[in-house]
Amino acid sequence: MDFRYTPEQEALRKEFADFFSEEMKHVPPELDASMEAIFDLDICWEFHKQLGKKLAAKGWIAMAWPKEYGGRDAPLIEQFIFNEVRGRYKAPGVDPIGVGMLAPTLLVTASEEQKREHLPHMARAERDWCQLWSEPNAGSDLASLTTRAVRVGDEYIVNGQKIWTSGAHRTDWGFMLARTNPEEKRSRGLSFFLVDMKTPGITIKPLYSMAKAHMFNEVFLDDVRVPVGNRVGEENEGWVASQMTSNFERSMINLFSHAKRELEELVEFCKETKWGGQPLAKNPLVRHKLAQLAIETEAGLAYSYSVVWNQIKGGLITAAPLAAGAKFLATELIQRLNYTACEIMGLYGQVADSRWAPRRGKYQNYYQQCMGLNMGGGTSEIMRNLVASMALGLPRSW
Amino acid sequence: MDLDLTEEQEMLRTMARDFLTKECPKTLVRELEEDEKGYSPELWRKMAELGWMGLVLPEEHGGMDMGFMDLIILLQEMGRNIVPGPFFCSVVLGSLPILSAGTEEQKKRFLPEIASGEMILTMALYEPNARYDASGVETKAVAQDNNFVINGTKLFVENAHIADYMICVTRTQEGASPEEGISLFLVDSKSPGIKCQVIPTMADDKLCEVVLENVSVPKENMLGELDKGWRIVTRALEHAIMAKCAEMVGGSEAVLDMTLDYVKERVQYGKPIGSFQVIQHYCANMWTNVATSRNLLYKVAWDLGEGLPVAKEIAMAKGWINQAYKFVTERAIQCHGAIGLTRDHDVGLYYRRAKAAELAFGDTDFQKELVAQQMGL
Ligand SMILES: Cc1cc2nc3c(=O)[nH]c(=O)nc-3n(C[C@H](O)[C@H](O)[C@H](O)COP(=O)(O)OP(=O)(O)OC[C@H]3O[C@@H](n4cnc5c(N)ncnc54)[C@H](O)[C@@H]3O)c2cc1C
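Residues numbered from 1 in each chain as written. Chains lettered and ligands numbered in written order. Predicted model: local features only at pLDDT ≥ 70, side-chain atom pairs only at ≥ 80, totals over all residues. Heavy atoms only, no water.

Participant: Teacher, can you tell me more about the overall build of chain B here?
Facilitator: Along its length, chain B carries 11 helices and 10 strands. Counting only C-alpha atoms and orienting by the principal axes, one finds that chain B spans roughly 80 × 50 × 45 Å. Scored against the burial criterion, the 377 residues of chain B give a buried share of 60%. For chain B, contacts bridging at least 24 residues in sequence account for 73% of all contacts bridging at least 6. (Helix = DSSP H or I, 4+ residues; strand = E, 2+ residues; numbered from the N terminus. Buried < 20%, exposed > 50% of the residue type's maximum accessible area, 1.4 Å probe, protein only. Contact = heavy atoms within 4.5 Å.)

The structure is reproduced here in structure tokens:
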């Protein structure tokens, strides 16, 4: 056993860290003050796009992909190191949906033509993606979705409604699940499509979050024409690809390192901020709360290394049950971290961005937003179901 | 022993519930979150006509002479409907201290107008140091001729931007302990030297910053005795805490109800999500939190109304109900899934208010410290 990085990996890690520490000096403060800012505010989206360009120029967005699709055939571990460092700097620049979820799926299941068409654009940070899966009546039970795609000649004509589509109003393309066989009620009748969001018939309506931000959307599809060439995999076999995508969403190393950084910043705040004549950090209650979070974060990080290791060793699919565990461990940690931060701020914990607000009202924003992490990409309950059935071999309860 | 509501209390509850369901829909609640004033003068007038602002005031002062438990029942319903506006600060923080500590003259001058809804009161207690206890009172009042001159900054003052008068808690002397040397004044909000600004908050509940610069207040506006004001504050807070608990219990009941409705209706995997055991356990835990909160509320509020010593129990009740209301609203969102996170869904209105309510008059950590002290630790 050896927990160290090799000297080359250490050097790489330092290179990433140096880059981000410089670039993140220019981050708009709004980005850090709200989990939803990247999609909500022009200035934050712009920063994401600009940083993406720089990362692309460095060849870092898609390190582990094959060269022919814009990658550089780097070992997976380098990609993870990059994710970890990027999480630590809370840096945007990598499309979490396109690069994070769709690309690995395409690498395994898409046609050569599709890979050549889409992957290089992602590697160059030229196209951002949204995920057109959930529907009003198909959330956790995604396989029950009813958006219909009917083949007519060389096209599919799509009708239906999607919901909770993060960033649909910002992104260029979407990947969608739609029903191609209405006889099959569940997963067997679904196909996986790539959709240009500018296609006529697509209407995007904002859904505002509790913290008043525009991140979510409803997407209405009326006679939207999708070329047959944009179907990934065989007709009616989209479910298999979609399950792969879900697993890619869940390694969480960046979320744990993000949590660690958040905690460090909270600690810094408690050292700097005086309350009742002494720094908050001297208050035994505050110290215990911070220590508890530090313990939880360390345990989570250690776990996420094991997930990463298993992903490298056995592949993303075999590590899926472990990744499901990482998902709820990470998101619930971030929730507790924000609740604790608000507790420590006392009366100021409720103040929104204004001259009275600690850290631009970030914690009260996060207080309203952090539970979204427990739902997006599969709820904590579903993740626990997966751990129970896949990792522990217990009978399915649903 | 009789743990049931009286017939009159049942009537009050039903009447309040019907009235508020009709007159204070969530559309209004949302509208008022964005509204500068934060309350509806029309709803305010109707509530005044029902006699609510004077519910516990004596008839001679324009009130209905009902008891503290009746007010608790009413506030529970207001919490259930999350009624926006200055009812709490005017009635609980304003009229009760005047009733208990005011001179005959002050009672005559303020109470009938509060009872009729014509006058809105609030209390200016907390300051930028954000301390809940007496040591937080740094705003100074200094005697000058027939007046006192007040200087300082008050923070998190409920609805100060619309209040006509505020009970301003000031330091008139550095005493041997923080509790000594505190005096209260009924300050006209329009006095020269007062600047007021609404602080943006998570619950959009119109907490204000009030800056007082050489504000002159006539001596006869002192509430209670010079330097002995903290006793009045303590008593006011005891009532305010139980009143806040009543709102919180009402809110948590509403959230439990809406969650139960939802998990019965929402179908995933071919069955209502309420048939999944994990959701059932969440609901069972929410329900026990609501039930314990309600019973603790009634028990301690009743004791308080009877004049029994309840300092410890009040801290316990607030400590418990703080956590319960937050838990219930948080699990409610988890049961709702993504829809629970939207601006348009009601559950978020309660989730945000649960946090704000915790912070009012002492968060959980503060209450635990009080309990520990009361336990002789
Ligand atoms: C921040 C965020 C971003 C999102 N982004 C996107 C996006 O870009 N694209 C997209 O398509 N979707 C997106 N979603 C939607 C997300 O995938 C769904 O919210 C999620 O799948 C849950 O579905 P639901 O919200 O309909 O909740 P429901 O499935 O209705 O669940 C409600 C509750 O029931 C529980 N439950 C359901 N089934 C079971 C079961 N079998 N056992 C135990 N408990 C169960 C759930 O865990 C939850 O607590 C996003 C959601 C969030 C919050």
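Having seen it, we continue.
Participant: Help me out: how do you make sense of the nonpolar core in this one?
Facilitator: When a protein is soluble and globular, its nonpolar side chains tend to lie buried together. B:Met47, B:Trp52, B:Leu71, B:Phe87 and B:Met242 are the most contacted members of the largest nonpolar core, which totals 143 residues. It is helix α7 (residues 230-265) of chain B that provides the largest number of residues to this core, a total of 17 residues. What B:Met47 contacts, discounting residues up to four positions off in sequence, is B:Phe19, B:Trp52, B:Met53, B:Met78, B:Val83 and B:Phe87. Membership of the second largest hydrophobic core comes to 60 residues, among which are A:Phe39, A:Ile61, A:Leu194 and B:Ala338. (Core = buried A, V, L, I, M, F, W, Y, C linked by side-chain atoms within 4.5 Å.)

Participant: Please explain a negative patch on the surface as it appears in this structure.
Facilitator: A surface patch of negative charge is lined by B:Asp2, B:Asp4, B:Glu7, B:Glu8 and B:Glu10. Tracing the chain through its elements places B:Glu10 in helix α1 (residues 7-23). (Patch = residues over 30% accessible without salt bridge, like charges linked within 9 Å, V, L, I, M, F, W, Y side chains within 5 Å. Areas by Shrake-Rupley, 256 points an atom, 1.4 Å probe, with all protein chains shown as cover. Salt bridge = Lys/Arg side-chain N within 4 Å of Asp/Glu carboxyl O. Lys, Arg positive; Asp, Glu negative; His and termini not counted. Charge placed at Lys NZ, Arg CZ, Asp CG, Glu CD.)

Participant: I'm lost on α7(B) in this one. Help?
Facilitator: For an α-helix, 3.6 residues make a turn, and residues three or four places apart therefore share a direction. Compared with an ideal rise of 1.5 Å per residue, which puts 36 residues at 52 Å, α7(B) spans 51 Å between its outermost C-alpha atoms and is within 8% of the ideal. Of all 36 residues in α7(B), 27 are buried, a share of seventy percent or more. (Expected span 1.5 Å × (residues − 1).)

Participant: Sorry, what's going on with the pattern of salt bridges here?
Facilitator: Pairing between side chains of opposite charge can happen when the charged atoms of each approach one another. All names here are of chain A. In this structure the tally under the stated criterion is 63 salt bridges over all chains. Between Lys49 and Asp128 there is a salt bridge, with the nearest N and O atoms lying 2.6 Å from each other. Placement of the pair is Lys49 in helix α4 (residues 42-58) and Asp128 in the loop between α7 (112-123) and β1 (129-132), with a sequence separation of 79 residues. Residue classification places Lys49 among the buried positions, given a relative accessible area of 15%. The partner of Glu265 in a salt bridge is Lys90, and the shortest N-O contact between them spans 2.7 Å. Placement of Glu265 in helix α9 (residues 253-272) and of Lys90 in the loop between α5 (76-88) and α6 (98-109) is noted, with a sequence separation of 175 residues between them. A single burial state applies to Glu265 and to Lys90, both of which are buried. Put simply, Asp32, Lys90, Arg261, Glu262, Glu265, Arg359 and Lys362 are held in one network by salt bridges that share partners.

Participant: Any chance you could explain α1(B) here in plain terms?
Facilitator: Residue and element names in this part refer to chain B. A rise of 1.5 Å per residue sets the reference length of α1, with its 17 residues, at 24 Å; its end C-alpha atoms lie 24 Å apart and thus fit the reference within 8%. Looking at α1, one finds that the buried residues are Gln9, Leu12, Arg13, Ala16, Phe19, Leu20 and Glu23. Seen along its axis, α1 keeps its buried residues to an arc of 145 degrees; they face one direction. Of the exposed residues in α1, the ones pointing more than 90 degrees away from its buried face are Glu7, Met11, Asp18, Thr21 and Lys22. (Arc of directions from axis to C-beta.)

Participant: Would you mind going over the packing of aromatic side chains with me for this structure?
Facilitator: The geometry of an aromatic ring pair is captured by two quantities: the separation of the ring centres and the angle between the planes. Residues and elements named next belong to chain A. If you walk through the whole model with that rule in mind, you get 25 aromatic pairs over all chains. The interplanar angle of 85 degrees and the centroid separation of 4.7 Å between the aromatic rings of Phe16 and Trp60 together place this pair among those described as edge-to-face. A residue pair is termed long-range when its members are at least 10 positions apart, and Phe16 in helix α1 (residues 7-23) and Trp60 in the loop between α4 and α5 qualify at 44 residues. Exposure class is identical for Phe16 and Trp60. Each is buried. With a centroid separation of 5.2 Å and an interplanar angle of 80 degrees, the aromatic rings of Phe16 and Phe82 are classed as edge-to-face. Taken together, the positions of Phe16 in helix α1 and Phe82 in helix α5 put the pair 66 residues apart, joining distant regions of the chain. Phe16 sits in the buried class, given a relative accessible area of 0%. Chaining the aromatic ring pairs together yields one cluster made of Phe16, Phe19, Phe20, Trp60, Phe82 and Tyr89. (Phe/Tyr/Trp six-rings, centres within 6.5 Å; stacked < 30°, edge-to-face > 60°.)

Participant: Please explain the packing of α1(A) against α5(A) as it appears in this structure.
Facilitator: Two numbers describe a pair of packed helices, the interaxial angle and the distance between the axes. Residues and elements named next belong to chain A. Direction vectors running N to C along α1 and α5 enclose 35 degrees, while the axes themselves pass 10 Å from each other. Between α1 and α5 the crossing geometry is right-handed. Side by side, α1 and α5 meet where Gln9, Leu12, Arg13, Phe16, Ala17 and Phe20 of the first sit next to Ile77, Glu78, Ile81, Phe82, Glu84, Val85 and Arg86 of the second. Here the contact of α1 with α5 is built from residues that sort into eight nonpolar, one polar and four charged. (Axes fitted to C-alpha atoms, helices over the stretch in contact; angles between N-to-C directions. Left-handed = near helix turned anticlockwise from the far one by under 90°. Nonpolar A, V, L, I, M, F, W, Y, C, P; charged D, E, K, R; others polar.)

Participant: Even after reading the chapter, I still don't get the site of the ligand, so can you show me in this structure?
Facilitator: Neighbouring residues of the ligand: 31 residues in total, closest A:Ser140, A:Thr379, A:Glu381, B:Arg266 and B:Gln334. The environment around the ligand is built from residues contributed by chains A and B. One nitrogen or oxygen atom from the main chain of A:Ser134 is found 2.7 Å from an oxygen atom belonging to the ligand. In this structure, A:Ser140 approaches the ligand through a side-chain N or O atom, which is 2.6 Å from an oxygen atom. In isolation the ligand offers 970 Å² of accessible surface; the protein chains occlude 93% of this area. Of all the secondary structure elements, the ones that give two or more residues to the shell around the ligand are β7 (214-227) and α13 (380-391) of chain A together with α8 (277-305) and α9 (311-336) of chain B. For the shell around the ligand, the leading source of residues is α13(A), giving three residues. Of the residues that constitute the shell around the ligand, the class distribution is 15 nonpolar, 14 polar and two charged. (Near = heavy atom within 4 Å. Polar contact = N/O pair within 3.5 Å; in protein donor to acceptor, adjacent residues only side chain to side chain.)

Participant: Even after reading the chapter, I still don't get the domain arrangement of chain B, so can you show me in this structure?
Facilitator: Interfaces are frequently sized by the accessible area removed from exposure as the parts join. Residues and elements named next belong to chain B. If you check the domain split of chain B, you get domain 1 (7-119), domain 2 (122-227) and domain 3 (231-374). Each of domain 2 and domain 3 was reduced to a C-alpha centroid, and the two centroids are 30 Å apart. Contact with domain 2, which involves 14 residues of that partner, is made by 14 residues of domain 3. Across the domain 2 to domain 3 interface the summed buried area is about 1,100 Å²; carbon plus sulfur atoms make up 69%. In terms of surface lost to domain 3, no three residues of domain 2 exceed Tyr132, Met202 and Ala203, which account for 49% of the buried area on that side. At the junction of domain 2 with domain 3, the criterion picks out two salt bridges. (Domains from an automatic or database assignment. Buried area = accessible area lost by both parts, 1.4 Å probe.)

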